[in-house]
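Descriptive analysis of the structure
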Amino acid sequence: MGINWIYPEHEVVRNRDRCINCRVCERQCANEVHEYLSEHDKMVCDDAKCVNCHRCVSLCPTRALKIIPSGNTYRPNSNWTNRTINELYRQADTGGVLLSSMGCPQRYPVYFEKILLNASQVTNPSIDPLREPMESKVSLGARPRDIQRDENGRMINNLPPQISLSMPVMFSAMSYGSISYNAHESLARAAQELGILYNTGEGGLHEDFYEYGANTIVQVASGRFGVHSAYLNSGAAIEIKMGQGAKPGIGGHLPGTKIVGDISRTRMIPEGSDAISPAPHHDIYSIEDLRQLVYSLKTVTGHKKPVIVKIAAVHNVTAIASGIARSGADIIAIDGFRGGSGATPTRIRDNVGIPIELALASVDQRLRDEGIRDNVSIIVGGSIRSSADVVKAVALGADCVYIGTSALMALGCHLCRSCHAGKCNWGIATQEPQLTRRLNPDIGHRRLVNLMNAWRHEIKEMMGGMGINSIESLKGNRSMLRGIGLNEKELEILGIRHAGE
Amino acid sequence: MKKIYVNEQWCLGCRLCEYYCAFAGTGERDMARALAGMKIHPRMRIEEKDGISFAVSCRHCKDALCVKSCITGALTVTDGMVAIDQDRCVGCCTCVLVCPFGAVASTAHGVMQKCELCVQSSAGTPACVRGCPNGAIVFEERGAAR
Ligand code: SF4
Ligand code: SF4
Ligand code: SF4
């Protein structure tokens, strides 16, 4: 073994006055950081293995633990930061591509934090959501252009298939395989109870979850894992995944070691074989090709289910979205560069794609300018962190948002960003039975329902304050938004005025 | 009557329940102060083998063998709960021998102790149930006592 050049990032601090040697931390850390020395009757730890997931901190009954930055530093350098140096050392050591998980943590602007909401004063009344009716329901899908009438002049119902939701939030695609069975069950049960939808991701649908079909979006990705006609017909909508915000332009890879048992069966691939999702769909090289897949899927499902096309927010997102809106798809989902992933190359995650706020504003505007906004609904994702983000996204033009990271956080995720190691201490991004059982779906689904109910209340409060009583009237209502600390170009792209204007 | 039941499927073997149980008996406000440096004697135990674990505590049997066998009458059934009067216990361990669940054990000071559903010490829900992070022990009504 050579020299280890990298000093641990975190330090596990144990307050000896409070520690009672219960060994809960030792039993709960799958990274084997804590150890009880019986000869000394004391707990010790190896900080180097700690990923800062806070499992031990949360479970320690005496609050004896905390995790702090180790504080070790190279000679300070604004160009060569500690992180940059460590990554270079790591690569010199391994020769490998750096892997990460979850969304981009780098210091790029968060536009949601530079947008402020309006409220009514004096001349226009605000609405109290507890006393007056307030509609949080939304319906996603294409809107018919014309009113059609039969020979007797009666209106023909020409409404294309829709998804109807109790609030403008859905759980985004996370495959069974990348997250555990119990995490999936929590999402499915919560979606059902809330009257919203969750998304299978590209791993197919476990047979136990067909009963939640009315609250399921079934995904078709480039690997086409687990896709068959019963699967396509089991959901409320079908999503074609073209891209993902955490890794635009590249595919996915679930290692063969994770393709075991039910996961292999659900994905319809042999045990132990790598599940490789190619970067492109090999049958899609143009909008015309996409149109073929959209219509194949519609045909298989008797034109009864809306088709979503999901793309990553990249530089040409407006032109791509314009094409998708003409492809026969009913809904476009756009995933911003902060979107999460169970495994992604660090360089891609941190350097590719654009912020969802800018992508959303420009796509909405372009589709309006081209007169095709009603062809599709727009869903946005890629770090929606609170009800305020939801309200701002809707006001920028979204019909609905996807949450992935936020939902996982309700289940226990502490953003340690080590999903790719497969040893999630919270039982989410792992398939090890000793770890997956840490997530009891009875508790998990309740926490998701709580989170969404809390957001729904807050959304109504914010809308009420603006004197708006339905999501429909908030949608694309950019006059309710003002920028703070943004330059002319940013304001122009967001289509909003500056605070004070 | 509400009793403690285990959902072993969700038990993590973390043993927090044992510590919350031991703490519940101390009357202290702070667990660190109550238990630091001590060997604990909880009234319930985690049994663990081959990756399966679950909490074992008194079943409060309808026809409790321990109550029948106690030579001093220290064990009684009160409102469906098997209770122990430690002042009457002489530490003969007969109850320990007859309990089919291993739910009675001796304390540091010789007399026996067992789970009494935290009736003395807490507000409604036993300490182990409140302390379990994963819903692996529950306190609920499940029909007729056996
Ligand atoms: S969980 Fe807390 S009290 Fe228990 S051994 Fe670990 S640090 Fe000590
Ligand atoms: S990896 Fe998680 S559980 Fe282990 S020591 Fe670090 S914070 Fe605690
Ligand atoms: S606290 Fe709950 S999960 Fe932990 S050992 Fe006890 S019963 Fe099992």
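Predicted, not measured: the structure shown is a model, and the values here were computed from it. (Residues numbered from 1 in each chain as written. Chains lettered and ligands numbered in written order. Predicted model: local features only at pLDDT ≥ 70, side-chain atom pairs only at ≥ 80, totals over all residues. Heavy atoms only, no water.)

1. Describing the pattern of salt bridges
Residue and element names in this part refer to chain A.
- Applying the stated criterion to the full structure yields 33 salt bridges over all chains.
- One salt bridge connects Glu87 with Arg83, and the closest N-O pair in it is separated by 3.1 Å. Of this pair, Glu87 and Arg83 both sit in helix α3 (residues 82-94), separated by 4 residues, roughly a single helical turn.
- The class of Glu87 is buried, set by a relative accessible area of 9%.
- Among the charged side chains, a salt-bridge network with shared partners connects Asp364, Arg368, Arg373, Asp399, Glu472, Lys475 and Arg478. (Salt bridge = Lys/Arg side-chain N within 4 Å of Asp/Glu carboxyl O. Helix = DSSP H or I, 4+ residues; strand = E, 2+ residues; numbered from the N terminus. Buried < 20%, exposed > 50% of the residue type's maximum accessible area, 1.4 Å probe, protein only.)

2. Describing the site of ligand 3
- With respect to spatial proximity, the complete set of residues near ligand 3 consists of B:Cys11, B:Leu12, B:Gly13, B:Cys14, B:Arg15, B:Leu16, B:Cys17, B:Ile46, B:Cys132, B:Pro133, B:Ala136 and B:Ile137.
- Here the residues of the shell around ligand 3 are counted per class, giving 10 nonpolar, 1 polar and 1 charged. (Near = heavy atom within 4 Å. Nonpolar A, V, L, I, M, F, W, Y, C, P; charged D, E, K, R; others polar.)

3. Describing the pairing of strand β13 (residues 216-220) of chain A
All names here are of chain A.
- Where burial is concerned, most of β13 is hidden: 5 out of the 5 residues are buried.
- Judged by which residues are buried, β13 turns out to be covered on both faces: Thr216, Val218 and Val220 on one side and Ile217 and Gln219 on the other are all buried.
- Relative to β13, strand β12 (residues 198-199) runs parallel, the two being bridged by 2 bridges. Bridge pairing in β13 links Asn199 to Ile217.
- Here β13 pairs with strand β14 (residues 237-241) via 4 bridges, running parallel. The partner of Val218 across the bridge, within β14, is Ile238.
- Running through helix α5 (residues 229-234), the crossover from β13 to the neighbouring parallel element β14 is right-handed. (Pairing = 2+ DSSP bridges. Right-handed = clockwise from strand over helix to strand, strands pointing away.)

4. Quick look at the interface of chain A and chain B
- The interface of chain A with chain B comprises 21 residues on the first partner and 19 residues on the second.
- Buried surface at the junction of chain A and chain B, both sides included, amounts to about 1,700 Å², of which 58% is carbon and sulfur.
- Of all residues in chain A, A:Ile20, A:Arg27 and A:Arg437 bury the most surface against chain B, accounting for 35% of the area lost on that side.
- One salt bridge connects A:Arg18 with B:Asp30, and the closest N-O pair in it is separated by 3.0 Å.
- If you look at where chain A meets chain B, you find 7 residue pairs in polar contact (both at pLDDT 80 or more).
- Looking at the side of chain A that touches chain B, the elements with two or more residues in it are α1 (24-28), α2 (55-59) and α14 (441-465) of chain A.
- Examining the composition of the side of chain A that touches chain B, we find that 3 residues originate from one element, α1(A), more than from any other.
- Within the side of chain A that touches chain B, the residues separate by chemical class into 9 nonpolar, 6 polar and 6 charged. (Contact = heavy atoms within 4.5 Å. Buried area = accessible area lost by both parts, 1.4 Å probe. Polar contact = N/O pair within 3.5 Å; in protein donor to acceptor, adjacent residues only side chain to side chain.)

5. Observations regarding the confidence of the model for chain B
- Residues with a pLDDT of 70 or more make up 96% of chain B, whose mean pLDDT is 91.
- Model confidence for the complex is summarised by a pTM of 0.94, with the ipTM given as 0.91. (pLDDT = per-residue confidence, 0-100.)

6. Focus: the packing of aromatic side chains
All names here are of chain A.
- Inspection of the entire model under this criterion finds 6 aromatic pairs over all chains.
- Between the aromatic rings of Tyr181 and Phe209, the centroid separation amounts to 4.9 Å while the plane-to-plane angle is 35°, which identifies the pairing as tilted. Here Tyr181 is found in helix α4 (residues 181-194), whereas its partner Phe209 is found in the loop between β12 and β13, with 28 residues between them in sequence.
- Using a relative accessible area of 24% as the deciding quantity, one classes Tyr181 as partly exposed. (Phe/Tyr/Trp six-rings, centres within 6.5 Å; stacked < 30°, edge-to-face > 60°.)

7. As for the sheet that holds β14(A)
Residue and element names in this part refer to chain A.
- Read from one edge of the open sheet, 8 strands run β11-β21-β20-β18-β17-β14-β13-β12, paired in parallel fashion. Only two strands of the sheet have a single partner each, and these edge strands are β11 (169-171) and β12.
- With 5 bridges joining them, strand β17 (residues 307-312) and strand β18 (residues 331-335) adopt parallel strand pairing. Paired with Lys310 across the strands is Ala333, a residue of β18.
- Of the strands in this sheet, β17 and β18 touch helix α8 (residues 317-325), which is tilted by about 165° from β17. (Axes fitted to C-alpha atoms, helices over the stretch in contact; angles between N-to-C directions.)

8. Looking at the domain arrangement of chain B
Residues and elements named next belong to chain B.
- Domain annotation for chain B reports domain 1 (1-57 + 117-140) and domain 2 (61-114).
- Domain 1 and domain 2 are separated by 19 Å when their C-alpha centres are compared.
- Contact with domain 1, which involves 8 residues of that partner, is made by 9 residues of domain 2.
- Buried area between domain 1 and domain 2, both sides added, is near 690 Å², and the carbon and sulfur share of it is 64%.
- Of all residues in domain 1, Met1, His41 and Arg43 give up the largest surface area on contact with domain 2, accounting jointly for 58% of the area buried on that side.
- Inspection of the domain 1/domain 2 interface yields 0 salt bridges.
- Our count for the domain 1 to domain 2 interface comes out at 2 residue pairs in polar contact (both at pLDDT 80 or more).
- Each residue belonging to the side of domain 1 that touches domain 2 can be placed in one class, and the counts come to 5 nonpolar, 2 polar and 1 charged. (Domains from an automatic or database assignment.)

9. Remarks on the packing of helix α11 (residues 387-396) of chain A against α14(A)
Residue and element names in this part refer to chain A.
- The N-to-C vectors of α11 and α14 enclose an angle of 50°; their axes lie 9 Å apart at closest approach. By the criterion of interaxial angle, the relationship of α11 to α14 is oblique. Handedness of the crossing formed by α11 with α14: right-handed. Only Trp455, Glu458, Ile459 and Met462 of α14 make contact with α11, whose side of the interface consists of Ser387, Ala388, Val390 and Val391.
- Counted by class, the contact of α11 with α14 contains 6 nonpolar, 1 polar and 1 charged residues. (Parallel < 35°, antiparallel > 145°, perpendicular 65-115°, else oblique. Left-handed = near helix turned anticlockwise from the far one by under 90°.)

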